Amino acid sequence: MLECAELYFNVDHGYLEGLVRGCKASLLTQQDYINLAQCETLEDLKIHLQTTDYGNFLANQTNPLTVSKIDTEMRKRLCREFDYFRNNSLEPLSTFFTYMTCSYMIDNVILLMNGALQKKSVKEILVKCHPLGRFTEMEAVNIAETPSDLFNAILVETPLAPFFQDCMSENTLDELNIELLRNKLYKSYLEAFYKFCKNHGDVTAEVMCPILEFEADRRAFIITFNSFGTELSKEDRETLYPTIGKLYPEGLRLLAQAEDFDQMKRVADHYGVYKPLFEAVGGSGGKTLEDVFYEHEVQINVLAFNRQFHYGVFYAYVKLKEQEMRNIVWIAECISQRHRTKINSYIPIL
Amino acid sequence: MSGKDRIEIFPSRMAQTIMKARLKGAQTGRNLLKKKSDALTLRFRQILKKIIETKMLMGEVMREAAFSLAEAKFTAGDFSTTVIQNVNRAQVKIRAKKDNVAGVTLPVFEHYHEGTDSYELTGLARGGEQLAKLKRNYAKAVELLVELASLQLSFGLNVPLLISSQSWMRESEKSSIG
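From a predicted model like this one, the values you see are computed outputs, not experimental measurements. (Residues numbered from 1 in each chain as written. Chains lettered and ligands numbered in written order. Predicted model: local features only at pLDDT ≥ 70, side-chain atom pairs only at ≥ 80, totals over all residues. Heavy atoms only, no water.)

**Comments concerning the interface of chain B and chain A**
Right, on to step 1. Taken residue by residue, the interface counts 26 residues in chain B and 41 residues in chain A.
Right, on to step 2. Taken together, the two surfaces of chain B and chain A that pack against each other cover about 2900 Å², and 53% of this comes from carbon and sulfur.
Right, on to step 3. At the junction of chain B and chain A, the tally comes to three salt bridges.
Right, on to step 4. For Arg126 of chain B, the salt bridge goes to Glu215 of chain A, with nearest N and O atoms at 3.9 Å.
Right, on to step 5. Run the count over chain B and chain A and you get eleven residue pairs in polar contact (both at pLDDT 80 or more).
Right, on to step 6. Sorting the residues of the side of chain B that touches chain A by element identifies helix 1 (13–76), helix 2 (80–85) and helix 3 (128–177) of chain B as the ones contributing at least two each. (Contact = heavy atoms within 4.5 Å. Buried area = accessible area lost by both parts, 1.4 Å probe. Salt bridge = Lys/Arg side-chain N within 4 Å of Asp/Glu carboxyl O. Polar contact = N/O pair within 3.5 Å; in protein donor to acceptor, adjacent residues only side chain to side chain. Helix = DSSP H or I, 4+ residues; strand = E, 2+ residues; numbered from the N terminus.)

**Details of the environment of Asn199 of chain A**
Right, on to step 1. Take Asn199 of chain A: it is sitting in helix 10 (residues 178–200).
Right, on to step 2. As for Asn199 of chain A and Ile331 of chain A, which are separated by 132 residues in sequence, their C-alpha atoms are 41 Å apart.

**Some remarks on the side chain of Arg182 of chain A**
Right, on to step 1. Tracing the sequence through the fold places Arg182 of chain A in helix 10.
Right, on to step 2. Not counting residues within four places of it along the chain, the set of residues in contact with Arg182 of chain A comprises Ile106, Asp107 and Ile110 of chain A together with Thr82 of chain B.

**What to know about unusual backbone geometry**
Residue and element names in this part refer to chain A.
Right, on to step 1. Cis geometry is adopted by the peptide bond preceding Pro92, which originates at Glu91 and carries an omega value of -10 degrees.
Right, on to step 2. The residue Pro92 is located in the loop between helix 4 (67–87) and helix 5 (93–117) in this model.
Right, on to step 3. The residue after Tyr248, namely Pro249, is reached through a cis peptide bond having omega -10 degrees.
Right, on to step 4. Relative to the helices and strands, Pro249 is located in the loop between helix 12 (234–239) and helix 13 (250–257).
Right, on to step 5. The residue Phe309 is not glycine, and still its phi comes out positive at about 65 degrees.
Right, on to step 6. With respect to the helices and strands, the residue Phe309 is situated in the loop between helix 16 (289–303) and helix 17 (312–336).
Right, on to step 7. Unlike most non-glycine residues, Arg338 shows phi in positive territory, near 55 degrees.

**Quick word on the side chain of Thr75 of chain B**
Right, on to step 1. By the element assignment, Thr75 of chain B lies in helix 1.
Right, on to step 2. Non-local contacts of Thr75 of chain B, meaning those with residues more than four positions away in its chain, are made with Glu290 and Tyr294 of chain A together with Arg126, Gly127 and Gln130 of chain B.

**Focus: the packing of aromatic side chains**
All names here are of chain A.
Right, on to step 1. Applying the stated criterion across every chain yields a total of 29 aromatic pairs over all chains.
Right, on to step 2. Both rings, one in Phe221 and one in Phe278, keep their centres 4.9 Å apart while their planes meet at 65 degrees; by these two values the pair is edge-to-face. A residue pair is termed long-range when its members are at least 10 positions apart, and Phe221 in helix 11 (residues 202–226) and Phe278 in helix 15 (residues 274–279) qualify at 57 residues. One exposure class covers both Phe221 and Phe278, and it is buried.
Right, on to step 3. Chaining the aromatic ring pairs together yields one cluster made of Phe9, Phe96, Tyr99, Phe163, Tyr186, Tyr189, Phe193, Phe196, Phe309, Tyr311 and Tyr315. (Phe/Tyr/Trp six-rings, centres within 6.5 Å; stacked < 30°, edge-to-face > 60°. Buried < 20%, exposed > 50% of the residue type's maximum accessible area, 1.4 Å probe, protein only.)

**Section: the nonpolar core**
Right, on to step 1. Among the nonpolar cores identified, the biggest contains 129 residues, and Leu45, Phe96, Phe193, Leu212 and Phe221 of chain A are the most heavily contacted of them.
Right, on to step 2. Setting aside residues up to four positions removed in sequence, Leu45 of chain A forms contacts with Leu36, Cys39, Ile70, Ile331, Ala332 and Ile335 of chain A.
Right, on to step 3. By size, the runner-up hydrophobic cluster in this structure holds five residues, among which are Ala72, Ala76, Phe79 and Leu134 of chain B. (Core = buried A, V, L, I, M, F, W, Y, C linked by side-chain atoms within 4.5 Å.)

**Notes on a nonpolar patch on the surface**
All names here are of chain A.
Right, on to step 1. Taken together, Leu7, Tyr8 and Val11 make up a surface patch of nonpolar side chains, about 330 Å² in accessible area.
Right, on to step 2. With respect to the helices, strands and loops of the structure, Leu7 is situated in helix 1 (residues 5–25).
Right, on to step 3. You can call Leu7 exposed: its relative accessible area is 67%. (Patch = residues over 30% accessible without salt bridge, like charges linked within 9 Å, V, L, I, M, F, W, Y side chains within 5 Å. Areas by Shrake-Rupley, 256 points an atom, 1.4 Å probe, with all protein chains shown as cover.)

**Regarding the packing of helix 1 of chain A against helix 17 of chain A**
Residue and element names in this part refer to chain A.
Right, on to step 1. At their nearest, the axes of helix 1 and helix 17 sit 10 Å apart, and the two run at 25 degrees to each other. Our classification of the angle between helix 1 and helix 17 gives roughly parallel. The two elements helix 1 and helix 17 meet at a crossing, and its hand is left-handed. For the pair helix 1 and helix 17, contact is made by Leu16, Glu17, Val20, Arg21, Cys23 and Lys24 and by Val313, Phe314 and Tyr317, respectively. (Axes fitted to C-alpha atoms, helices over the stretch in contact; angles between N-to-C directions. Parallel < 35°, antiparallel > 145°, perpendicular 65-115°, else oblique. Left-handed = near helix turned anticlockwise from the far one by under 90°.)

**Topic: helix 17 of chain A**
All names here are of chain A.
Right, on to step 1. Helix length check: helix 17, at 25 residues, gives a terminal C-alpha distance of 36 Å against a target of 36 Å (1.5 Å per residue), a fit within 8%.
Right, on to step 2. Of all 25 residues making up helix 17, 24 are buried, and the element is well covered by its neighbours.
Right, on to step 3. Where helix 17 ends, the next residue or the one after it, Arg338, has phi of about 55 degrees, a positive value. (Expected span 1.5 Å × (residues − 1).)

**Some details on the confidence of the model for chain A**
Right, on to step 1. Residues with a pLDDT of 70 or more make up 94% of chain A, whose mean pLDDT is 87.
Right, on to step 2. Least confident of the elements in chain A is helix 9 (residues 172–175) of chain A, whose mean pLDDT is 60; most confident is helix 17 of chain A, at 94. (pLDDT = per-residue confidence, 0-100.)

**Regarding the pattern of salt bridges**
Think of it this way: side chains of opposite charge can pair up when their charged atoms draw near.
All names here are of chain B.
Right, on to step 1. Counting across every chain of the model gives 26 salt bridges over all chains.
Right, on to step 2. A salt bridge links Arg95 to Glu110; the shortest N-O distance between them is 3.6 Å. Pair noted here: Arg95 is in strand 1 (residues 92–101) and Glu110 is in strand 2 (residues 104–113), with a separation of 15 residues, a long-range link.
Right, on to step 3. Given the relative accessible area of 41%, Arg95 is considered partly exposed.

Here it is as structure tokens:
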């Protein structure tokens, strides 16, 4: 592709970029979070949210207001925005959006597979599925008896098919532990997404590739950390690491041998980006590794908005919006459980 | 000492010996029952105290557990459906044993673990640490609940025993005075 996105990006995608920047400007600020944290009840929280861009989204809710209702409504709102973006997009932005939804689709498929195997009713599982990961063949899931049937009949039509084919042959699908399957699918997905961005070239590659590299390395670290003390063997663990990050190949090999947090920290010390992150773990605020990674993710997503004419703004917006939703749900839970000591542990965005 | 409490008796020496023996028997019976009632009262008080302590602790533990659920959801997202779908066998089970106090057997519940954690790999890529903490908190809550259950059961059985032993005592007091 020609290296001058400025000349023709706006022809196809200018309207949507303008729209997403407007949405980003309406994300909650630090002042908003401080106001929310001072609320005494969930009703107060609702009133405060009315003054933000959320407006009257909780207006039709019956009493009593619960945290899960707030969560569902916020998610519906995000889904509406996302569907609008998606419906108005042209290629290759539409493929980009499809890639973005694949991660939610993976979670939904795992949920459906599990439910189908246990002969649960499809309707109840469909309610629990993430709306962003909807795909047309979802309802047909209950006709399959085993995972391989499921794959052959249904999944082969979805965008997830190449990820399944990457992971394994059909017969192993039956014995595989559900969590291992989920992580293997995610690994293939990340690698495919990365290749897509890189091939697209231009500013999109410059912005998205570091974001995806960080996501890959973060997964490698977290999987390693969570597998200490479990039955997951080192070889199995290594098959779950995505290979698109800075850690590939030496870092991943070292990580696969790590047996505790300190060894992991020593691996991270070789990389300039990850050294300060690991040093921030523990400290005075009692931060966990995941908290530190979330903060870093928010920072690089905000930086994505500093450049124009690329698709990364859409990805960054959705991730930031999700973090905002998590923050609001956290504050709401602290308020409703009257456990205010950690109410300020949300991750501020702007 | 008139009226209904009078026993009709023929005033002979044998009758007097028999009455004295009866009196002695009633007094011994009353003392034994008093000892039993005292032991039960003591145990009763101990159990009551323990129940109050455990209930207060229970409030704290449940609050902590509910909060750690919120923390886990913050980091790991919504894992509730995955957890509910994968339930197959119980990991913590209860055995009922008999305990003997002052001649009375009371049941006591004891919990034991069986099998491995089927949710070991949940949250592998996100939120595993918080999930582990969550599992620990709720396990503590379950153990406390089991303890509370056996305390309340023994409390519940204790009370009628105590009442009946005290009423027998009064009966024997009446007959010994008479």
